[in-house]
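Here are the chains, one letter per residue:
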Amino acid sequence: MAKRTQDKPTEDWNYESAIARIEKTVAALEQGELPLVDIFDQFEQAVTELRRCETFLTEKQQQATLLIETLTDQG
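Keep in mind that this is a model prediction, so the values were computed, not measured.

Caption draft 1: The packing of helix H1 (residues 15-31) against helix H2 (residues 36-74), seen in detail. With their axes 9 Å apart at the nearest point, H1 and H2 run at an angle of 150° to one another. Accordingly, the angle class assigned to the pair H1 and H2 is roughly antiparallel. The two elements H1 and H2 meet at a crossing, and its hand is left-handed. Each of Tyr15, Ala18, Ile19, Arg21, Ile22, Thr25, Ala28 and Leu29 in H1 lies in contact with H2, whose residues at this interface are Ile39, Gln42, Ala46, Glu49, Leu50, Cys53, Phe56 and Leu57. Here the residues of the contact of H1 with H2 are counted per class, giving 12 nonpolar, two polar and two charged.

Caption draft 2: Seen up close, the environment of tryptophan 13. Topologically, tryptophan 13 is positioned in the segment before H1. The spatial distance from the C-alpha of tryptophan 13 to the C-alpha of leucine 71 is 30 Å, given a sequence separation of 58 residues. Those residues in contact with tryptophan 13 that sit more than four places away from it in its chain are Ala18, Arg21, Glu49, Arg52, Cys53 and Phe56. A distance of 3.1 Å separates polar atoms of two side chains, one belonging to tryptophan 13 and the other to glutamate 49.

Thresholds applied
Residues numbered from 1 in each chain as written. Predicted model: local features only at pLDDT ≥ 70, side-chain atom pairs only at ≥ 80, totals over all residues. Heavy atoms only, no water. Axes fitted to C-alpha atoms, helices over the stretch in contact; angles between N-to-C directions. Helix = DSSP H or I, 4+ residues; strand = E, 2+ residues; numbered from the N terminus. Parallel < 35°, antiparallel > 145°, perpendicular 65-115°, else oblique. Left-handed = near helix turned anticlockwise from the far one by under 90°. Contact = heavy atoms within 4.5 Å. Nonpolar A, V, L, I, M, F, W, Y, C, P; charged D, E, K, R; others polar. Polar contact = N/O pair within 3.5 Å; in protein donor to acceptor, adjacent residues only side chain to side chain.

Listed below in structure tokens is the structure:
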């Protein structure tokens, strides 16, 4: 499945804040007191945030790998 551009974190996006929003959504879903339409909306938002988190972590892992390779090549 192709990644949508909206899954990429923006400059004002924050990993820790995204995780907090996801945790809040999971807690609300677990309580089971939301109307069905809200469940789907919140689930969709959580999935979007998870994709952004995954993209962020993948990019940071690639940066770290590149830095390590640079250090290894110099040594």
